[in-house]
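The primary structure of each chain is shown beneath.
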Amino acid sequence: MIKEFKLPELGENVASGTLGKLLVKVGDVVAEGQNVLEIETDKAVAEIPSGVSGKITEIRVKEGAAIRPGEVVFLVETAAAPTAAAQAPEPAAAPAAV
């Protein structure tokens, strides 16, 4: 399943920033909580962690570009969720008739 990684809210009264440094590239595998980019605002430079785990398939914002919260930075291919059938336990075998 493909998920979008969107720039989260940057703080009160911060409407945009500049993508200072992208810490990942297409093909990299990221873990939830791993820092994936540095964003520069008029107030500070902050590292932003990923909210998803998986393999990066596409990057949509280049370093140095202005970016707003909610804008898609990259796409991540996540592991497919198990189906309901795969999650259900197997039924216990019925006792043999005598």
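Structure first, text after, so check above.
Because the structure is a prediction, the values reported are computed rather than measured.

Trainee: Which residues make up the pattern of salt bridges, and what are the values?
Mentor: Enumeration according to the criterion identifies three salt bridges in this entry. When the shortest N-O distance is used, the salt bridge between glutamate 4 and lysine 6 registers 3.7 Å. Among the ionic pairs, arginine 60 bridges to glutamate 58, the shortest N-O distance being 3.2 Å. Taking the relative accessible area as the measure of exposure, glutamate 58 reaches 34% and is therefore partly exposed.

Trainee: Which residues make up the side chain of serine 50, and what values go with them?
Mentor: Of note, serine 50 is situated in the loop between strand 5 (45–49) and strand 6 (54–59). A distance of 2.6 Å separates a polar side-chain atom of serine 50 from the backbone oxygen of valine 52. For serine 50, the residues in contact, after removing those within four places along its chain, are Phe5, Val30, Ala31, Glu32, Gly33, Gln34 and Val36.

Trainee: Requested: an account of the nonpolar core, with residues and values cited.
Mentor: Ranked by internal contacts, the top residues of the largest apolar core, which has 17 residues, are Phe5, Leu7, Val24, Val36, Leu37, Val73 and Phe74. Put simply, the parts of the chain that give this core at least two residues each are strand 2 (17–22), strand 4 (35–40) and strand 8 (72–77). If we skip the residues at most four places from it in the chain, valine 36 touches Phe5, Leu22, Leu23, Val24, Val30, Ile48, Pro49, Ser50 and Phe74.

Definitions and limits used
- Residues numbered from 1 in each chain as written.
- Predicted model: local features only at pLDDT ≥ 70, side-chain atom pairs only at ≥ 80, totals over all residues.
- Heavy atoms only, no water.
- Salt bridge = Lys/Arg side-chain N within 4 Å of Asp/Glu carboxyl O.
- Buried < 20%, exposed > 50% of the residue type's maximum accessible area, 1.4 Å probe, protein only.
- Helix = DSSP H or I, 4+ residues; strand = E, 2+ residues; numbered from the N terminus.
- Polar contact = N/O pair within 3.5 Å; in protein donor to acceptor, adjacent residues only side chain to side chain.
- Contact = heavy atoms within 4.5 Å.
- Core = buried A, V, L, I, M, F, W, Y, C linked by side-chain atoms within 4.5 Å.

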